Amino acid sequence: MNITLRQLRAFIAVAELGQFNLAARSLHLTQSAVSIVIRDLESEIGVRLFDRHTRMVSLTLVGQEFLPQARKILKDLELAVGDMRDNASLKRGQVTIAAAIVLAATIVPPIIAAFVSMHPEILVSIRDMPEEAISPALKRNEVDIAIGTLSEDDPEITATPLMRDKLMLVCREDHRFARQKSVRWAELKDETLITLAAANPLRSIVEHNLIRVVPNFQPKYEVRFSTTAISMISAGMGVAVLPENSSQLASAVRVTTVDLVDPTVMRNVSLLQRRHHSLSPAAEHLKAAFVAAMQTENAGASTLGHT
């Protein structure tokens, strides 16, 4: 069956106005064009929809039954198109964003707050999770975009760089390292190390650098969350290598960060999304907001570094 919107609109206009010439005027068509459209519709359906009189037309019984259905079809389509236009113009929509625990507690909230203040009609849901859970959540379509670190190339995930975050040594304020300006990786060989879970991208970065200087490296404790590691450090259970912005979570406990050098190690924080998968207009604009915010922050940091 090949019924067109033009045919439905013509049918409804003729049914409501009762004359082909009035329907033609309302549709900005000629009367003959409307007659042809109605004839084609009747031919497609296989029944007469109108009884023709000298000057007026009236619906047949079949036409009377078809009229409310035709109105509903057009109404549903108009609502669907309206919803799509609202999404495109950010008058409505929703985005689910995943973020690694530390990032969700530091850089993500201010950017989300600025975005929703500009687009209050957009519902943004934040899912904080361990780094290793982010890629699977993207692949299961549970989130639209994510902020985190991609440990290796993944054919299903594409990464848009946002910032670089330095790895730091995190220790208790009364630890001997706390009085030093920097600590070399090799100095960690006799320390009780608290590491993140083996599947966490940060763990692989830390292990890669530690094994070069501490061949027998073995963590004493393994945890899933940076906040757990910080609490354990505060309790005197060891030290950890965590991203620099972890210090924002440590201000309320007896923990401090020290530069970890020889080498200085950076990790890439990126906006992640499924490859070959189009984002909704809302998600696309939120992605742009993160990229713009990070570009501004990175430019500001670069300016400070040269003053």
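Structure: see above.
Residues numbered from 1 in each chain as written. Predicted model: local features only at pLDDT ≥ 70, side-chain atom pairs only at ≥ 80, totals over all residues. Heavy atoms only, no water.

### Side note on unusual backbone geometry
Residue Asp262 is joined to Pro263 through a cis peptide bond whose omega torsion reads 5°. Relative to the assigned elements, Pro263 resides in the loop between strand 11 (255–261) and strand 12 (266–274). Positive phi values are uncommon outside glycine, yet Asp262 reaches one of about 60°. Structurally, Asp262 is set in the loop between strand 11 and strand 12. (Helix = DSSP H or I, 4+ residues; strand = E, 2+ residues; numbered from the N terminus.)

### Considerations on the packing of aromatic side chains
Considering all chains together, one arrives at three aromatic pairs under this definition. Here the aromatic rings of Phe11 and Phe66 are separated by 5.1 Å at their centres, their planes lie at 40°, and the arrangement is tilted. Residue Phe11 is found in helix 1 (residues 5–17), and its partner Phe66 is found in helix 4 (residues 61–88); the two are separated by 55 residues along the sequence. Of the two residues, Phe11 and Phe66, both sit in the buried class. Relative to Phe50, the ring of Phe20 has its centre 6.4 Å away and its plane inclined at 65°; by these criteria the two rings are edge-to-face. Separated by 30 residues along the polypeptide, Phe20 in helix 2 (residues 20–27) and Phe50 in strand 1 (residues 50–52) bring together distant segments of the chain. Looking at Phe50, the relative accessible area reads 1%, which means it is buried. (Phe/Tyr/Trp six-rings, centres within 6.5 Å; stacked < 30°, edge-to-face > 60°. Buried < 20%, exposed > 50% of the residue type's maximum accessible area, 1.4 Å probe, protein only.)

### Topic: helix 8 (residues 201–213)
When we look at burial in helix 8, the residues that qualify are Pro201, Leu202, Arg203, Ile205, Val206, Asn209 and Leu210. Where the residues of helix 8 are buried, they touch helix 7 (131–139), strand 6 (157–172), strand 8 (194–196), strand 9 (221–223), strand 10 (240–243) and strand 12. Capping the start of helix 8, Asn200 holds a side-chain oxygen 2.9 Å from the backbone nitrogen of Leu202, two or three residues further along. (Contact = heavy atoms within 4.5 Å. Polar contact = N/O pair within 3.5 Å; in protein donor to acceptor, adjacent residues only side chain to side chain.)

### Quick word on the environment of Gln7
Within the fold, Gln7 resides in helix 1. Separated by 257 residues in the primary sequence, Gln7 and Thr264 have C-alpha atoms spaced 70 Å apart. Beyond its immediate sequence surroundings of up to four residues, Gln7 is in contact with Asn2, Val37, Asp40 and Leu41. Engagement of the side chain of Gln7 in a polar contact is seen with the backbone nitrogen of Thr4, the distance being 3.0 Å.

### Side note on the environment of Ala186
When you line up the elements, Ala186 lands in the loop between strand 7 (182–184) and strand 8. Residue Ala186 is classed as partly exposed on the basis of its relative accessible area, which comes to 24%. Considered as a pair, Ala186 and Ile126 are 60 residues apart in the sequence and their alpha carbons are 38 Å apart.

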